[in-house]
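One-letter residues, chain by chain:
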Amino acid sequence: MKLVRYSLLVLSLLFCTIIWSQEVIIRTKLPESTSSIWSFKNKMSSPQGLIIQTQLHDSVSNWTKKNKLGFDISEIAFVNWSAGGTSSISGLFKSEFTRVYINGNHKWANELLVKYGLNKQDGTELRKTDDALVLNSTYGFRSDSTSNWFYSGKFNFNTQFTNGYKYPNKDTPISSPFAPAYIFLGAGAENASKDRNRVFYFSPITLKTTLVLDQYLANQGSFGVKKAIYDVNGNLISPGEKVKAEFGILGTAYLKKEIFKNMVFENRLSLYTDYLNKFGNIDVDYETKLDLVVNEYVRANIGFHLIYDDDIKNKIEVEGKQITEGPKAQLRQVLGVGVVYAFQ
């Protein structure tokens, strides 16, 4: 657990560094007085100077900031309902933070996504419905200021906050924080619109690292890592490996478009194949969402998330025991109504 805390701290510091760097870049561009820096600072200390400083701060900033917090809730209750039914309540917290820096032909886009959802039904314990921590960072350079093509380097990290279970079994976790965690690091080309509502990225050289920092899951060979070796008596000879590295091709796509008034369609797609291990066997991660805007703060949404990874084996319950099957397509569907607060 210490390693998990330290890793989360590192991620927090990384995102704080992104935000702090905006101020550093802005400050380096503040004009100096023709006489001295000290006289310029004195002018800034006056009320009029404060107004000038604010205007300069806004005018020279190359950062675009967007922040969005949301909470979806769904509930159904029955009291003496003759047709029967089970009362339940679900809640989903989600947040999205973006920081985009543009200076001439340089662009640095950063995105932090957080989701966590819970469900409670009569007669059952509290259960998790969603859990994600995703950080994306892409740096790009273009030789022509009118072109939408960039030479790009891309970093992606994603994991979860709490243990995951194959319900109703809550004794044996099938996932946990940083088990798994995925890191993609590569270089390639990106085509992006000015507002980044359409982004395509292709990298023929991408390192994919899978972390399984829970030794119990690593010993099982979960998520594609090399599993533990036991002797005929069940004694551990060598523990399972916690890291798996792959080298391959990554392609991603993002599209956000208002298809009708107050109806926004959003898609995210990631495709990856490894050069050395089953080349052509593609890992798929596709998420789509339709937002129905009621007003500035209230929205309804429907969407689904599809994942296929040959390294992720499906688990089923047979007579109270977990049995591992082969890889299968994973599908999650969401329908909710909630409030959204956007700010800069």
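Quick caveat: nothing in here was measured; it's all calculated off a predicted structure.

Enquirer: I tried to follow the pattern of salt bridges on my own but got confused; where do I start?
Expert: If the charged atoms of two oppositely charged side chains come close together, the side chains can form a pair. Taken as a whole, this structure holds 15 salt bridges when the rule is applied. Between Lys-128 and Asp-131 there is a salt bridge whose closest N-O contact spans 3.0 Å. The residues Lys-128 and Asp-131 share a single accessibility class, namely buried. For Lys-278, the salt bridge goes to Asp-310, with nearest N and O atoms at 3.1 Å. Taken together, the residues span a long stretch of sequence, with Lys-278 in the loop between β13 (263-274) and β14 (283-293) and Asp-310 in the loop between β15 (298-308) and β16 (313-318) at a distance of 32 residues. Through salt bridges with shared partners, a single network forms among Glu-111, Glu-266, Arg-268, Lys-289 and Asp-291.

Enquirer: What's the story with the side chain of Asp-310 in this structure? I'm lost.
Expert: Here Asp-310 falls in the buried class, since its relative accessible area comes to 13%. Only 3.1 Å separates the side chain of Asp-310 from the side chain of Lys-278, close enough to count as a polar contact. Residues within four places of Asp-310 in sequence aside, it is in contact with Lys-278, Asn-281, Asp-283 and Pro-327.

Enquirer: Sorry, what's going on with the environment of Leu-126 here?
Expert: Tracing the backbone shows Leu-126 in the loop between β3 (106-121) and β4 (127-141). Judged by its relative accessible area of 46%, Leu-126 falls in the partly exposed class. Remark: the alpha-carbon pair of Leu-126 and Ser-90, spanning 36 residues in sequence, is separated by 9.7 Å. Once residues within four sequence positions are removed from consideration, Leu-126 is found in contact with Leu-118, Asn-119, Lys-120 and Lys-170.

Enquirer: Got a minute to help me understand a nonpolar patch on the surface in this structure?
Expert: A cluster of nonpolar side chains, namely Leu-185, Ile-205, Leu-207, Phe-247, Tyr-275, Leu-276 and Phe-279, defines an oily patch on the protein surface of about 720 Å² accessible area. Secondary-structure assignment places Tyr-275 in the loop between β13 and β14. On the accessibility criterion, Tyr-275 (33% relative accessible area) is partly exposed.

Enquirer: What is the right way to read the packing of aromatic side chains from this model?
Expert: The geometry of two aromatic rings is summed up by the distance between their centres and the angle between their planes. For the coordinates displayed, the defined rule picks out 10 aromatic pairs. For the ring pair Phe-247 and Tyr-275, a centre distance of 5.7 Å and an interplane angle of 40° mean the geometry is tilted. Here Phe-247, found in strand β12 (residues 243-260), pairs with Tyr-275, found in the loop between β13 and β14; they are 28 residues apart in sequence, far enough to count as distant. Since its relative accessible area comes to 39%, Phe-247 is described here as partly exposed. Judged by centre distance (5.9 Å) and plane angle (70°), the ring pair of Tyr-286 and Phe-304 falls under edge-to-face. Separated by 18 residues along the polypeptide, Tyr-286 in strand β14 and Phe-304 in strand β15 bring together distant segments of the chain. On the basis of relative accessibility, which here comes to 34%, the residue Phe-304 falls in the partly exposed class. Each member of the aromatic cluster is reached from another via a ring pair, and the members are Trp-63, Tyr-101 and Trp-108. Against the face of Tyr-201 rests Lys-154, its NZ or CZ located 5.4 Å from the ring centre.

Enquirer: Explain unusual backbone geometry to me, please; I cannot follow it from the model alone.
Expert: Negative phi characterises most residues that are not glycine, and trans characterises most peptide bonds. With an omega dihedral of 10°, the bond running from Tyr-167 to Pro-168 counts as a cis peptide bond. When you line up the elements, Pro-168 lands in the loop between β6 (164-165) and β7 (173-175). Here the bond from Ala-179 into Pro-180 is cis, since omega is 10°, no more than 30 degrees from zero. The topology assignment puts Pro-180 in the loop between β7 and β8 (181-192). Within the chain, Phe-178 stands out as a residue other than glycine whose phi angle is a positive 60°. Along the chain, Phe-178 falls in the loop between β7 and β8. Residue Phe-178 is classed as buried on the basis of its relative accessible area of 3%. A positive phi angle, close to 60°, is found at Arg-196, a residue other than glycine.

Enquirer: Looking at this model, I keep getting lost on the confidence of the model for the protein. Mind explaining?
Expert: Close inspection of predicted coordinates is inappropriate in any region flagged by low pLDDT. Chain-level statistics for the protein give a pLDDT mean of 84 and a share of 81% at 70 or above. The low-confidence segment residues 1-10, where pLDDT is below 50, has six contacts with residues more than four positions distant or belonging to other chains. Below a pLDDT of 50 lies the segment residues 43-58, which in the model reaches 11 contacts outside its immediate sequence neighbourhood of four places, other chains included.

Enquirer: Explanation requested: the sheet that holds β8 in the structure shown.
Expert: Strands in a sheet are paired, the pairing made by backbone hydrogen bonds, and the direction either parallel or antiparallel. Sheet architecture is closed into a barrel: 12 strands sit in the order β1-β2-β3-β4-β5-β8-β9-β12-β13-β14-β15-β18, paired in antiparallel fashion. Between one strand and the next, the sheet's axes are offset by a mean angle of 20°, whatever the strand orientation. Pairing between β12 and β13: 12 bridges, direction antiparallel. Note on β13: the bridge partner recorded for Leu-250 is Tyr-272.

About the cut-offs
- Residues numbered from 1 in each chain as written.
- Predicted model: local features only at pLDDT ≥ 70, side-chain atom pairs only at ≥ 80, totals over all residues.
- Heavy atoms only, no water.
- Salt bridge = Lys/Arg side-chain N within 4 Å of Asp/Glu carboxyl O.
- Buried < 20%, exposed > 50% of the residue type's maximum accessible area, 1.4 Å probe, protein only.
- Helix = DSSP H or I, 4+ residues; strand = E, 2+ residues; numbered from the N terminus.
- Polar contact = N/O pair within 3.5 Å; in protein donor to acceptor, adjacent residues only side chain to side chain.
- Contact = heavy atoms within 4.5 Å.
- Patch = residues over 30% accessible without salt bridge, like charges linked within 9 Å, V, L, I, M, F, W, Y side chains within 5 Å.
- Areas by Shrake-Rupley, 256 points an atom, 1.4 Å probe, with all protein chains shown as cover.
- Phe/Tyr/Trp six-rings, centres within 6.5 Å; stacked < 30°, edge-to-face > 60°.
- Lys NZ or Arg CZ within 6 Å of the ring centre and 35° of its normal.
- pLDDT = per-residue confidence, 0-100.
- Pairing = 2+ DSSP bridges.
- Axes fitted to C-alpha atoms, helices over the stretch in contact; angles between N-to-C directions.

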